[in-house]
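Observations on the three-dimensional arrangement
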Amino acid sequence: MMMYGVSRPVCSAISVVRMWRLRWRPFLTIQTRNCAWPAAASAEPALKLLLIRALAACDIAAVGDALKTYLNDDDSFIRAEAIHALCKLGQFGAEIEALLGDPDSSVRLSAAKAIAGAGAPDAVGKIVDFAFSFEGYHGVQAARLLRRLDVVEASGRFMETLRDPEQNRTWSVAINALAELNASQPRPAGLVDVNTSQL
């Protein structure tokens, strides 16, 4: 049934959202999913958010392809929601890692949380690099994520930076990250004392 003043793709999207809200998830079929895709380009941000959440609840493998299109949306909230949805479906990939360089800080942080939560290959290295990016804007937040991964390895990587005179411009980032990383934490076994006077 067509709603007056509302395009067919958006009507289809609204139908999917309504079915999701009513918990009729088994009826979110491939046919319904395919009808909803065109709404990605035409729907209002609020509807897009609802649609992303509805699609994330679908037990359909191919839904990830549609959700990935939202990673390039102009709205940062949409991009961040798409990251959460894809991770919920276990569809973590290079597209999300690329968003560590997103112009919006909330999207970058969402991507970093996804990497840490998914246990991506060399997650510690990626999050440490993230700590130094954008002039250390996310240094403390990155350190908090690293607590969940490997405190010893992460601490070692930050110490490597402090030992390198050529990286002295990033020392403040490494120091703040180390402080946060080890704050209120039992001393990790294997973490060697370092005489800062020798740095």
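Quick summary incoming for the structure in this document.

About the thresholds
Residues numbered from 1 in each chain as written. Predicted model: local features only at pLDDT ≥ 70, side-chain atom pairs only at ≥ 80, totals over all residues. Heavy atoms only, no water. Helix = DSSP H or I, 4+ residues; strand = E, 2+ residues; numbered from the N terminus. Expected span 1.5 Å × (residues − 1). Buried < 20%, exposed > 50% of the residue type's maximum accessible area, 1.4 Å probe, protein only. Arc of directions from axis to C-beta. Contact = heavy atoms within 4.5 Å. Polar contact = N/O pair within 3.5 Å; in protein donor to acceptor, adjacent residues only side chain to side chain. Core = buried A, V, L, I, M, F, W, Y, C linked by side-chain atoms within 4.5 Å. Salt bridge = Lys/Arg side-chain N within 4 Å of Asp/Glu carboxyl O.

1. Section: helix H11 (residues 151–163)
Its 13 residues place the ends of H11 18 Å apart at the C-alpha level, agreeing with the 18 Å of an ideal helix rising 1.5 Å per residue. Within H11, the full set of buried residues consists of Val151, Ala154, Ser155, Phe158, Met159, Thr161 and Leu162. What you see down the axis of H11 is that its buried residues fit within an arc of 150°, all on one side. Check the buried side of H11 and you find it contacts helix H9 (123–136), helix H10 (139–146) and helix H12 (171–181). Capping of H11 at its N-terminal end is provided by Asp150; its side-chain oxygen lies 3.2 Å from the backbone amide nitrogen of Val152.

2. Let's talk about the nonpolar core
If you look at the biggest cluster of nonpolar residues, it comprises 45 residues, and the most contacted ones within it are Leu67, Ile83, Leu146 and Phe158. Counting only elements with at least two residues in this core, the list comes to helix H4 (45–56), helix H5 (63–69), helix H6 (76–88), helix H8 (105–118), H9, H10, H11 and H12. If sequence neighbours within four positions are ignored, Phe158 has contacts with Val128, Ala131, Phe132, Leu146, Ala174, Ala177, Leu178 and Leu181.

3. Points about the pattern of salt bridges
Should the charged atoms of two oppositely charged side chains come close, the side chains can pair. A complete count under the given rule lists 8 salt bridges for this structure. The shortest N-O distance in the salt bridge between Arg79 and Asp102 comes to 2.9 Å. Of this pair, Arg79 sits in helix H6 while Asp102 sits in the loop between helix H7 (94–97) and H8, and the two are 23 residues apart along the sequence. Take Arg79 and Asp102: they sit in the same class, and that class is buried. Between Glu180 and Arg144 there is a salt bridge, and its shortest N-O distance comes to 3.0 Å. Separated by 36 residues along the polypeptide, Glu180 in helix H12 and Arg144 in helix H10 bring together distant segments of the chain. Residue class for Glu180 comes out buried when judged on its relative accessible area of 17%. Beyond isolated ion pairs, a larger network of salt bridges with shared partners links Asp122, Glu153 and Arg157.

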